[in-house]
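Okay, here's what each chain looks like letter by letter:
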Amino acid sequence: EESKMHRRRPQTAGPSRSTTNSRPNVGELPNVKTLLKQRPQTAKARRSSPSPRRDTSPFQKRSSSQSPEREPLPQSWEDTAQMCGISVSGLERIFEAKCQDLVLLPSANREDRFFEVLQKNCDHQVLALANAGIGPIGGATLARVLHEEKCIVGDLDLSGNLIRDAGAEALVALLRSSPTLTRLDLRSNDIGPAGGEALFHALIGNTVLKELDLGSPSGVNRNHIGVRPGDKLAEALMTNSTLSLLSLVGNGLGAESMAFVHQGLCHNTNLRVLDLSANNIRDEGAGVLCAAVSSAGIETLSLSRNMIGRVGATCVAGVLTTNMLLANLDLADNLIGAKGCTQISQALSDNTLLQSLNLERNQIGPEGASALSVALQRNRSVAVLQLGHNDIFDRGAMELALALQGNTTLAKLGLSNNKIADEGTERLAGVLSYNQYLRTLNLDANRIGDTGGGALGDALARNGTLLALYLRNNRLHDAAGERIVHGLRANSTLTCLDLTWNDLNYSNSTTIARIVADNLALHKDGAAQRYRKELERLKEEAPKLTVRLNELAKEMALVAEHERATAMCREEQQRVEDASAAHALELNRQIERVKEEEMRTESAVYAKTSELQSAKNNFEAKSTNFRRRHERVIEQRQSAEKKLASLQNDLFNLQEEQAAKRAALQEELAAQKLALEKAKNNAETQRTRLETMKAEEEAAKPVEPSKAAKPGPDSKAVPGRPGTTGKTGPGNVGRPSGAPPVPVGKPTRPTSAKPTTRPRK
C-alpha cells in the first residue's frame, strides 16, 4: 500500500510534512493526545494556511490505461465532506478516533487514505465505512458528530468493524434523534448482550429506521447478542411500526429467545424480512416461531443452519398452509430428511404465493425429490428451487424431470452436488428440448459423463429459452464437447455456460466461449425487441388487467370496509382494554391492600404462632423433663425391685444354707459326743487294764527291804505294798518309787483326736 500511495498535497507554510509511513513499535508509542498535538501538518492546518487553493485532485490521477473506468475524484476535501454530509472537521475527528482505536500514529498519508475511502464508498445520504478499522472510540465519535451536526444520512454501513457494546450504545442517541436514518448495518462488530439491549430499546420509540442488520457472517468479530436482551427485542417488535427488515444471523439466540420473538410478532404487522439463520433454535424453537409467523406479515423468512429437523419442517409446512404473504423461504442445512421434505411438499401443493424455496444440504434423498416432483406438478408459484447437496441420484433427477414436463413457473433449478449420472441427465435433457420456462439449470459437481453431456448438447439445439447452464466439475470429455458445440451453433439464447474443470480440448472450449459471447451480445442487442414484445403482451393483457383492477377495487373497498370495521373494533378493544386496565389497576390496588392486610394478619399470626410455639416448646421441654424423671423413677423402682428380689432370694438361700449348716453342725456335734463317750470308755478301759497290768507287775516283783523307802511324814503306807508312799491309784499300782505318779482324775484326750470347734450362731 505504501508503494502505491498517491502524490501528496503541495507543502504550505508551516511545519514540514513527514514522509515516513512506517508503523512504529507498539511498545514505543507515546501518548495519543501528545501525538495528536505534535502530529504532522494535516488537512485542517493546510486549509488554514495562506497557500492558494489548488485546482487539481488531492489524489494522483492514474492514466486511462491503468484505470479506464475510474470516475474523476472530487477536487477538494470540502467536496468529500459535502458528499458524506459531514464537515471536514467532523471527518478529522472520526479519523483521529480511528487512530486511537488502532493505536496508530496520525499522519497525513493515513488521513489521505481515509478520505480516499470516503470518496470511493460514500454518496449523498450514504455513509459507508465497512471494514474501516473503526473501534469503540471511533463509533462513539461518529455517532456524536452525526448527532451534533445533524447530518442527513439515510444509509449507515459500519459492518466489519469493531465498535463493540460501547459503540453500539453510543449509536442509540443517533437512532433517537436522526430524522433520516432508514438503514443501519452493524454486521460483525463484536456486539454483545449490552449493545443489543441498547439498540432494541432505541427501536421502541423509533419511527424512521426500516432496516437493521445485526448479523454475523462466518469470520472474526461476530456479534453475540444472546438470550439476555430478549424482552427488549419483544417490546421493540410490539411497538415499532416502521421496521421492515431485521437480520440476527449467528447471534446465539437459541430456542429460548424464540418465545420473545413470538411475543413481538404477534403484535407486529410491518416486518417483512426476518433472518434468523445460524441461531440453533432447533425444533422446539421452530415450533414457537412458526406459531407467530403463520399470522404475521413476513414475506421473506430465513431459518438456515438451525437444526430444526423433521419436527421443525412439519411446523414450517403449517406456515406454508396458513401464511398468505410468505414468498421466500430458506431452510438450507437443517437436516429435515425425506420425511420433513414430504411434509413441506404436501403444503407446497396447495400454496399459491411462495416463489423461492431453498432446501440445500437437507439429506432429502430420492424420496424427498419424488415428493417435490408431485408438488411441482400442482404448484403454480415457485420460480426458484435450490436442491444442492442432497444426494438425490439419478432417480431423483428423473422424478424432477417428470415435474418439469407440466410445470410452467419454475425458472431456476439448482441440482449441484447430487451424484447425478448420465441416466438422470438424459431425462433432464429430454425435458429441456421442449420446456419453454426454465431459465437457469445448475448441474455442477455431479457425475455426468459424455453420454449425459452430449444429450444436453442436443437439447440446447432445440431449446430457445434457457439462459444459463452450469456443468462445472463433471466428467465431460471431447465427445461431449463436440456435441455441445454442435447444439450451441443452433442456439441463440444461452448466455452463460460453465464447463470449467472438465476435460475439453482447447478448440471446443474456445468455440463454446465464442458462441456464448455472441449469444450474450445478441441478448443485449435484443433487449429492446424483447421489451417491445413484453409491452405488446401487457397491452393484450390490459383488458384482463382492467377487469382484474375492478375486481381488486371491489376487494379493496371490502378490505377498506373491513379495515374500518377492524379500526372500530380496535377502538372498542382499546376502550375495553383501557377500562380493563383501569379495572385491573383498581383490582391491583385492592389486591395490594388485601396483601397489606394479609401481611399484617400474617405478622400477627406469626407473632401469636411464635408465642404459642414458644409455650409449646416450653411445655414440651417440661414434659420431656417430667417424662425423663418419671422414666428414671420407674427405672430406679424396677432396679430396687430387682435388688429386693435378689436380696430376698439371697436371704432365702442364706437361711437354707444356715439351716443346712445347723443340721450338719448338730449331726457333727452328736457324732463328736458319741466319739467322746467312746473315747472316755476306751480310756477308762485302758486305764483299768494298765492299772491291772501294773498291779500285776508290782505284785510279781519282790520288794527288797534295804531299798524300801522310808515313809515320810506326809506319805501313807500302802497296804500290802511296802516301800510305797502317797496316794495310790490305778495308775500308780506297781510303779517304782522314783517314777512320777500318774494323776488321778479325768483321763487325757488322745493327741490324734481333732479338737472340736464351737458352732457359730
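Remember, predicted model here, so these are calculated numbers, not experimental data.

Quick look at the overall build of the protein now. A count of helices and strands for the protein gives 21 helices and 14 strands. Working note: accessible area of the protein is about 43,800 Å², and carbon and sulfur atoms make up 54% of it.

Here we take up the side chain of Asp-213. With respect to the element layout, Asp-213 can be found in strand E4 (residues 211–213). Overall, Asp-213 belongs to the buried group, its relative accessible area being 15%.

Following the criterion strictly, the structure yields 25 salt bridges and no others. A salt bridge links Asp-190 to Arg-164, with the nearest nitrogen and oxygen atoms 2.9 Å apart. Here Asp-190, found in the loop between strand E3 (183–185) and helix H8 (193–203), pairs with Arg-164, found in helix H7 (residues 164–177); they are 26 residues apart in sequence, far enough to count as distant. Residue classification places Arg-164 among the partly exposed residues on the basis of a relative accessible area of 36%. In this structure, Arg-272 engages Glu-299 in a salt bridge whose closest nitrogen and oxygen atoms are separated by 3.5 Å. Linking Arg-272 in the loop between helix H10 (258–265) and strand E6 (273–275) with Glu-299 in the loop between helix H11 (282–293) and strand E7 (300–302), this pair joins segments that are 27 residues apart in sequence. If you follow the salt bridges from partner to partner, you end up with Asp-155, Arg-183, Asp-185, Arg-187, Glu-211 and Asp-213 in one network.

A separate point is the packing of aromatic side chains. Overall, the coordinates contain 2 aromatic pairs when judged by the stated rule. Ring plane angle 40° and centroid distance 5.7 Å describe the contact between Phe-95 and Phe-114, whose orientation is recorded as tilted. Of this pair, Phe-95 sits in helix H4 (residues 88–102) while Phe-114 sits in helix H5 (residues 108–121), and the two are 19 residues apart along the sequence. Residue classification places Phe-114 among the buried residues on the basis of a relative accessible area of 4%. Between Phe-114 and Phe-115, the aromatic rings sit 6.2 Å apart at their centres with planes inclined by 85°, giving edge-to-face as the arrangement. Accessibility expressed as a relative area gives 0% for Phe-115, which makes it buried. One aromatic cluster is present, formed by Phe-95, Phe-114 and Phe-115 through successive ring pairs. Over the ring of Trp-501 we find Arg-472, and its NZ or CZ is 4.5 Å from the ring centre.

Before going further, it helps to examine the packing of H7 against H8. Between two packed helices, both the angle of their axes relative to each other and the distance between the axes serve to describe the pair. Relative orientation of the contacting elements H7 and H8 amounts to 5°, with a least axis distance of 8 Å. Viewed along their axes, H7 and H8 adopt a mutual orientation that is roughly parallel. Contacts between H7 and H8 involve Asp-165, Ala-168, Glu-169, Val-172, Leu-175 and Arg-176 on the former and, on the latter, Ala-194, Gly-195, Ala-198, Leu-199, His-201 and Ala-202. Its residues assigned to classes, the contact of H7 with H8 shows 7 nonpolar, 2 polar and 3 charged.

A few words now on helix H13 (residues 337–349). Taking 1.5 Å of rise per residue, 13 residues should cover 18 Å, and H13 covers 19 Å from first to last C-alpha, within 8% of that figure. On its buried side, H13 packs onto helix H12 (309–322), strand E9 (356–358) and helix H14 (365–378).

Conventions and cut-offs
- Residues numbered from 1 in each chain as written.
- Predicted model: local features only at pLDDT ≥ 70, side-chain atom pairs only at ≥ 80, totals over all residues.
- Heavy atoms only, no water.
- Helix = DSSP H or I, 4+ residues; strand = E, 2+ residues; numbered from the N terminus.
- Areas by Shrake-Rupley, 256 points an atom, 1.4 Å probe, with all protein chains shown as cover.
- Buried < 20%, exposed > 50% of the residue type's maximum accessible area, 1.4 Å probe, protein only.
- Salt bridge = Lys/Arg side-chain N within 4 Å of Asp/Glu carboxyl O.
- Phe/Tyr/Trp six-rings, centres within 6.5 Å; stacked < 30°, edge-to-face > 60°.
- Lys NZ or Arg CZ within 6 Å of the ring centre and 35° of its normal.
- Axes fitted to C-alpha atoms, helices over the stretch in contact; angles between N-to-C directions.
- Parallel < 35°, antiparallel > 145°, perpendicular 65-115°, else oblique.
- Contact = heavy atoms within 4.5 Å.
- Nonpolar A, V, L, I, M, F, W, Y, C, P; charged D, E, K, R; others polar.
- Expected span 1.5 Å × (residues − 1).

So yeah, pure geometry; function would need other evidence.
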